[in-house]
Structures are given as C-alpha cells and as structure tokens.
Amino acid sequence: MEAKLIERLETAVARLETLSSGGISARGLPDSAVEVSSDPSSLAFDDLKAEYGAKVSAAAEKIGGQVLDVTKLVLEAFSVQKKLLIEIKQTQKPDMAGLVEFLKPLNEVISKVNAMTEGRRSDFFNHLKSAGDSLSALAWIAYTGKDCGMSMPIAHVEESWQMAEFYNNKVLVEYRNKDQYHVEWAKALKELYLPGLREYVKNHYPLGPVWSASGKKASGASPKAPPPGAPAPPPPPPASLFSSEPSQPSSSQPKQGMSAVFQEISGGNVSAGLKKVTADMKTKNRTDRTGVVSASEKETHSSSSFSKVGPPKLELQMGRKWAVENQIGRKNLVIDDCDAKQSVYIYGCKDSVLQIQGKVNNITIDKCTKMGVVFKDVVAACEVVNCSGVEVQCQGSAPTISVDNTSGCQLYLSKDSLGASITTAKSSEINVLVPTGPDGDWILRIFGDNVFDLKHTFKYLGMFGGLEKMAGMLNLRRRAGSNHQAGSDCLLTLDCFMVLKKSRVFQRNPNPRILPALALYGLVSVLGSEFY
C-alpha cells in the first residue's frame, strides 16, 4: 500500500515539474492544468482504469478478435470521458447545443462500438451488444439538473448496466462450461461499471459534473462568426410577402403575418392563381394509371423482390458452424451429421421446417418468418432473435432458451427440458407448451381428456352444415340471444350434445371413428378411450 502511494506521489510530482517548466499547457491553460493534474477526481479516474479496466483488457487479450477490438473502444471511451471531465472544470456551462458539441468526441467512440453490432450477426454478437449497451452509462456526464430529463448520475449508471446485463448474462451462460476466458471477460466488464464507475460517480460527482463559473466558453456553444473576407449576409425580406408594391414607410406598411393572410383572403379572388382540373387529369380517366397489372410487370416485380434475398444455403462452414440461410417453402430440411461442438445458425428463412437430428452446441434463429425448428439436444442455448411466427420443439434437453425481439413464438418442451431457463425480451405472443399424461400428448395438455367435438361427430353421422342447421335437425331452438354470440352459441351447442347423448346414438352407431373414441376435428390424435 505504501509503495503504491509513493509511486502515485512521484507521478504527480513529475507532472507538476513538466508543467511548471513549460509554463503553459498544450491547451493554453496556464495554471488550471497544474491543478487538474493533482485533482483527486482525476487521480481516482486513473485508479478506476488501472484496477477495473486492466482486468477487462487482460481477459480480452486472451480471446482476441472482435472482443479485443470492442474492449479497446470501451477503454478509449473512458479515456475520452476523463479528458471531458478535465475540460469541464475549466469551461463554462454551455447551452443544449453547446453541450451536444462538447460531448461529440464521446459520441463518436460510442458510435464506433454500435457500428460493430450492425450488419451480419457475428459469432461474438452478445459480447459486442453487451459492450455497446454498457457505454450508455458514460452519458451521466450530460446530467445538468433535475429538469434535464435524465436520472441522477448514480442511478443512470445502474440503469444503463441493466440494459447491457441481458447480453452479458448470455455470454456467461454460453461459455460457462466451454471457455472460462469469456466468463472472465463478462465478469470484468460488469465490475468496470458496478462497482467501478458507480463508486467513482458516487464519491466525486453525485450531483453531476461541476462547470467552471469563470472559465472559457465551450466550443460550439455560440454561433461561429463568418470568416474574414466573406460576403455579408443577405438583407431581411420585405415587410409584406403578399404585396407587390414597393416598401412603404413604417406608418403606411400593410399588415404582416397572419393578419396579412386574412386580409388577402377577404380582399379578392383567392382561387385566381389555381389551375383548373380538366377531365383528362382525373385519376379515373388517366390511361397511365390502371388497376390491371400485366404479366411482364408481375415478373419484373417478383424478380426484383427475390433479388434482394441471397442464395439459399445449407452447409457446414469451417467444420464448426451449420449455416441455414434464405430457405423459402422448404419443409424437409434435415441436419443429421452434427456433433456437440458445432453450432447451427438459421437466418432469413420463411415457411420452412428444419430437423436437427443430434446434439449441437448452440442454435440461433435470426430474422425468420413462419419457421419450424425441431431439435433433440443442445448444450448451451437455443436463441430466437428478430423472428415472427416461429415454432421451436425440443425433443431432448436444453438448459437455456432465449427469445428476443420476436412476435409470435411457440415453444414445445419435452419431459427432459422442463427445467430449461426461458428468457424473453421485447417479445409478444410467447406460448410455452409442456407435455402431460402417460404418453406426453400435446392435445391432452391443450384441450384436456374430456373432449367432444360436435362438428366431427356430425360429419360421421351424415349431418352437414352449421350450428343453426344441426339444431334444426334436432328440433332445438335458442334459449336466448342470437347466432354468433358466444354465450348463446355455447348454450345451443350444449343442448345439441345433450340430445345426442340421451338418444344414445353413439352406442347404436357401429362407426368406430366416433364415440367412444373421441377425435378433434381436423386433428389426427385420438383422445381418450372411454367417454362415459
């Protein structure tokens, strides 16, 4: 501890000697720069980067690739924030436009990180999203007061990390039993913000940054003056835009603004300058706009729409990743030669079904519509991202299933996957179906074991038609309400059922496809063996 304190003091003395020998800092601030170099908040920020930033950097060095690149940008953003905090102590508080210009260097670094998450989904997408979302915590520096629309700096840091924690937890789950370097990186990134940045803000800027009252003005806070030699700005427009007369003295000038508009409307023919719409200009009479689409136009439109979609793929890339892309209307896609070290990435598929016959490491379904995926076992997780109307069935085990930014998803779990951890974010219409009964029948789970479908029964009794027609054949009338009302239709359906039951028509009819073997109309599964 003493050695570290002595080292910090020697560093501070060396900075002071350098600044005193030069007289004026590189920014042109003679004495304030010397004070900033020994400022406790500035030294504490260095300690923050040295203690927590070094852990993230060391873990990223072991991983390399995009994880190392995004980590360098995160640490660069922290360095930029330190420079901005130093300038804040020497700068007057700007207006909103000046504040945006002042924080532009920080926004540029954050934009670089966000750009890495765009385009084709990377294998380290969760790392990139976690780092990108976490950088929003650095926006605490823009807090200017209770009326600025932001939370207090400490609360803002905590709320910002909550957004990034969703993807950070994905990294932990995916690599907890596979690669400890990724787990170390995810934990170090969290410590950089909680408790690292949070404690720094709490100790030095709990109420936000403190601007200088007598410092320089922030760059961009005031409008720039025209360069020397530039022409003078044009004179203001005439007082009246509606008058063709030359400008008059102020005492005789016409009305301006809305008064001039109303004066013009009441003074003459307002429609004098409008064009007359002739018969050939009307839409119904125009020959260039018809409701008939020729075959050539259809072909052109269809070819242009399909040209935006890449070629379909179903291949193993680099021996580690199965790529299933742009499959449309394919119901018989099968991956049977796979192992636990391979991952499956499904992208841009529509109205297709894929069967994965074997254990894989990870399954990702991205930007798919009406896609069905059936798999046996997955080691890490099954992810559904940016999809619509997909169905996923697990026939074996799956420790984690995550659904993100998806509208309409049916998850069918097996008995071995009932303990799966299911996580959803920004999604709707998510249904999870679990098996029950001795054979794990899904129909039994959805409808129960006492099911009677009148439409199915009427079909095999030779009675065809709607509910009203069937009731008429059985000499039944509605007790209350009218057709297509839920309560009235339910009551009439019950009356039809009771009449058929009392007549014991099922026992007299030898057809084995109706009671006592009950079946749902349109479904193959037979429910139950006895009804009475």
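Basis of the calculations
Residues numbered from 1 in each chain as written. Predicted model: local features only at pLDDT ≥ 70, side-chain atom pairs only at ≥ 80, totals over all residues. Heavy atoms only, no water. UniProt positions renumbered as here; feature names shortened; annotations may be inferred. Helix = DSSP H or I, 4+ residues; strand = E, 2+ residues; numbered from the N terminus. Buried < 20%, exposed > 50% of the residue type's maximum accessible area, 1.4 Å probe, protein only. Contact = heavy atoms within 4.5 Å. Areas by Shrake-Rupley, 256 points an atom, 1.4 Å probe, with all protein chains shown as cover. Salt bridge = Lys/Arg side-chain N within 4 Å of Asp/Glu carboxyl O. Phe/Tyr/Trp six-rings, centres within 6.5 Å; stacked < 30°, edge-to-face > 60°. Lys NZ or Arg CZ within 6 Å of the ring centre and 35° of its normal. 1 Å grid on protein atoms, 1.4 Å probe; cavity = no way out; pocket = protein on both sides within 12 Å on 5 of 7 lines; lining within 4 Å. Points joined across faces, edges and corners; volume = space filled by probe spheres on them. Nonpolar A, V, L, I, M, F, W, Y, C, P; charged D, E, K, R; others polar. Core = buried A, V, L, I, M, F, W, Y, C linked by side-chain atoms within 4.5 Å. Axes fitted to C-alpha atoms, helices over the stretch in contact; angles between N-to-C directions. Parallel < 35°, antiparallel > 145°, perpendicular 65-115°, else oblique. Left-handed = near helix turned anticlockwise from the far one by under 90°.

- An unreviewed UniProt entry lists the protein chain under the name Adenylyl cyclase-associated protein, from Hibiscus sabdariffa.
- Reading the Sequence similarities (unreviewed entry) entry of the UniProt record for the protein chain gives the comment "Belongs to the CAP family."

Describing the overall build of the protein chain
Logical step 1: Of regular secondary structure, the protein chain possesses 16 helices and 13 strands.
Logical step 2: Per-residue burial for the protein chain yields a buried fraction of 36% across its 532 residues.
Logical step 3: Taking as baseline every contact in the protein chain between residues at least 6 positions apart, the subset at least 24 positions apart corresponds to 41%.
Logical step 4: For the protein chain, the accessible area works out to roughly 31,600 Å², and carbon and sulfur atoms hold 54% of it.

Some remarks on the pattern of salt bridges
Should their charged atoms come close, side chains of opposite charge can pair.
Logical step 1: Summed over the entire model, instances satisfying the criterion amount to 13 salt bridges.
Logical step 2: Note that E191 and K55 form a salt bridge whose closest N and O atoms lie 3.6 Å from each other. With E191 in helix α9 (residues 180-204) and K55 in helix α3 (residues 40-63), this pair connects stretches of sequence that are 136 residues apart.
Logical step 3: A relative accessible area of 31% means that E191 is categorised as partly exposed.

Examining the side chain of N126
Logical step 1: Within the secondary structure layout, N126 lies in helix α7 (residues 125-134).
Logical step 2: Excluding its chain neighbours within four sequence positions, the residues that come into contact with N126 are R121, Y167, K170, V171, E174 and E383.

So, the side chain of K170
Logical step 1: Assignment of secondary structure puts K170 in helix α8 (residues 153-175).
Logical step 2: Each residue touching K170, except ones within four places of it in the same chain, is listed here: N126, E383, S402 and D404.

Focus: the packing of aromatic side chains
Logical step 1: Per the stated rule, a full pass over the model turns up 10 aromatic pairs.
Logical step 2: For the ring pair F45 and F78, a centre distance of 6.2 Å and an interplane angle of 45° mean the geometry is tilted. Of this pair, F45 sits in helix α3 while F78 is found in helix α4 (residues 65-88), placing the two residues 33 residues apart along the sequence. Residues F45 and F78 agree in their burial class; the two are buried.
Logical step 3: Three or more aromatic residues joined by ring pairs form one cluster here, namely F45, F78, W140, W161, Y193, Y200 and Y205.
Logical step 4: Directly above the aromatic system of Y345 lies the positively charged group of K321, at a separation of 4.7 Å from the ring centroid.

Digging into empty space enclosed by the protein
Logical step 1: Summed over all chains, the structure comprises one cavity of 30 Å³ or more.
Logical step 2: Counted as a void, the largest cavity has a volume near 40 Å³.
Logical step 3: Around the largest cavity, the lining residues are S41, S42, K82, L85, I86, K89, Y200 and Y205.
Logical step 4: Of all the elements in the fold, those that place two or more residues in the lining of the largest cavity are α3 and α4.
Logical step 5: Per-element accounting of the lining of the largest cavity gives the leading share, three residues, to α4.
Logical step 6: Grouping the constituent residues of the lining of the largest cavity by class yields four nonpolar, two polar and two charged.

A closer look at the environment of V109
Logical step 1: Looking at the element boundaries, V109 is found in helix α6 (residues 104-116).
Logical step 2: Given a relative accessible area of 4%, V109 falls into the buried group.
Logical step 3: Sequence separation between V109 and L135 is 26 residues; the distance between their C-alpha atoms is 9.4 Å.
Logical step 4: Contact partners of V109, with chain neighbours within four places excluded, come to L73, E76, A77 and V80.

Section: the nonpolar core
Logical step 1: If you look at the biggest cluster of nonpolar residues, it comprises 51 residues, and the most contacted ones within it are F78, W140, Y193, L197 and Y200.
Logical step 2: Secondary-structure elements contributing two or more residues to this core are α3, α4, α5 (96-102), α6, α7, α8 and α9.
Logical step 3: The residues touching Y200, leaving out its near neighbours within four places in the chain, are S41, A44, F45, L48, L85, W140 and Y205.
Logical step 4: In terms of nonpolar packing, the next biggest core, distinct from the first, is built from 30 residues, I335, I401, V403 and L413 among them.

Quick notes on the packing of α7 against α8
Axis angle and axis distance: for two packed helices, these are the angle between their axes and the distance between the axes, and together they describe the pair.
Logical step 1: Between α7 and α8, the least distance of the axes is 8 Å, while the angle of their chain directions is 160°. In terms of orientation, α7 and α8 fall into the roughly antiparallel class. You can see that α7 and α8 cross each other, and the crossing is left-handed. Every residue of α8 that contacts α7 at F125, N126, H127, K129, S130, D133 and S134 is listed here: S160, W161, M163, A164, Y167, N168, K170, V171, E174 and Y175.
Logical step 2: Its residues assigned to classes, the contact of α7 with α8 shows seven nonpolar, six polar and four charged.

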